[in-house]
Amino acid sequence: MDNRKAIGSWLSGPRQAAEDMGADFGYRGEQLGLPKEGPGSIAPLGRRFGAIAVDWALCMLIAYGLFARGDQQAMGNWALGVFFVLAVLTVGTVGFTPGKRLLGLRVVAEDGGRLGIGRVLVRSVLLCLAIPALIWDRDTRGLHDRLARAVQVRS
C-alpha cells in the first residue's frame, strides 16, 4: 500500500476520505433546497462570525454606557442580556441583527418564511449558551439553528 495516499487521506479528514471512496455530499444547503451560491444560499462562516462580533461589540457598548458604570465584570453580564434582547427583537421582527444586516445575512425558517416568536426565543437562548452554536451539521448550521428549524442565508 502507498503510505503517501494513506497519510494524505488522514490529513484531509474524514469527509475527503469518504468522497475518495465515492460518497457524494453535495453542496451546503442542498438538502434544504437552497441555491449553491448567491442570495438565499447558506451564509459563509466568516460572515457569520463577523456578524456576531459586530453584534457583541454593539451589546458591550450598550451595556457599558447604560448599565455597567465602569464595572468590567458587570459589563459582560449585562452585554449577554442585551445580546439576548437584541437577538429576539431584531430576528423576530426583521429577520436579522445589525451585524447580520451589515454583512448581508438574514435568518429564515427552513421553509423560507419568517421565524415565529417561539422559535426565535429557542434560537436566542441556545445562542447565548454558546455551546449549541459551536456544534455544526454538514450544512454548517449550528445546533441552535437546527433546533429552531432556522437557516442563516445570504441576503
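Everything below is about the structure printed above this text.
Cut-offs used in this document
- Residues numbered from 1 in each chain as written.
- Predicted model: local features only at pLDDT ≥ 70, side-chain atom pairs only at ≥ 80, totals over all residues.
- Heavy atoms only, no water.
- Helix = DSSP H or I, 4+ residues; strand = E, 2+ residues; numbered from the N terminus.
- Buried < 20%, exposed > 50% of the residue type's maximum accessible area, 1.4 Å probe, protein only.
- Areas by Shrake-Rupley, 256 points an atom, 1.4 Å probe, with all protein chains shown as cover.
- Salt bridge = Lys/Arg side-chain N within 4 Å of Asp/Glu carboxyl O.
- Phe/Tyr/Trp six-rings, centres within 6.5 Å; stacked < 30°, edge-to-face > 60°.
- Expected span 1.5 Å × (residues − 1).
- Contact = heavy atoms within 4.5 Å.

(A) Main features of the overall build of the protein. Across its full length, the protein holds seven helices and two strands. Taken from the N to the C terminus, the helices and strands of the protein come in the order α-α-α-α-α-β-α-α-β. Taking all 155 residues of the protein together, the buried fraction comes to 35%. Accessible area of the protein: about 9,200 Å², with a carbon and sulfur share of 63%.

(B) Spotlight on the pattern of salt bridges. Within this structure, the stated rule accounts for four salt bridges. Residue Arg141 pairs with Glu110 through a salt bridge whose shortest N-O separation is 2.9 Å. Linking Arg141 in the loop between helix H6 (117-129) and helix H7 (143-147) with Glu110 in the loop between strand S1 (105-109) and H6, this pair joins segments that are 31 residues apart in sequence. The class of Glu110 is partly exposed, set by a relative accessible area of 28%. Measuring nitrogen to oxygen at the nearest pair gives 2.6 Å for the salt bridge that ties Arg123 to Asp145. Here the residue Arg123 occupies a position in helix H6, and Asp145 occupies one in helix H7, the gap between them amounting to 22 residues.

(C) Summary view of the packing of aromatic side chains. Scanning all chains against the criterion turns up three aromatic pairs. Look at Phe49 and Trp136: their rings are 6.3 Å apart centre to centre, the planes differ by 50°, and that puts the pair in the tilted class. Linking Phe49 in helix H3 (residues 45-68) with Trp136 in the loop between H6 and H7, this pair joins segments that are 87 residues apart in sequence. The class of Phe49 is partly exposed, set by a relative accessible area of 45%. On the basis of an interplanar angle of 65° and a centroid distance of 6.0 Å, the ring pair of Trp56 and Phe83 is categorised as edge-to-face. With a gap of 27 residues between them, Trp56 in helix H3 and Phe83 in helix H4 (residues 72-93) connect regions that are remote in the sequence. According to the relative accessible area criterion, Trp56 is partly exposed, its value standing at 32%.

(D) Examining H6 more closely. With 13 residues, H6 extends 18 Å between its outermost C-alpha atoms, agreeing within 8% with the 18 Å of an ideal straight helix rising 1.5 Å per residue. Here H6 has its buried residues at Val120, Arg123, Ser124, Leu126, Leu127 and Cys128. In this structure, the buried residues of H6 make contact with H3, H4, helix H5 (98-102), S1, H7 and strand S2 (150-154). Immediately beyond the C-terminal end of H6, within one or two residues, lies Ala130, with a positive phi of roughly 70°.

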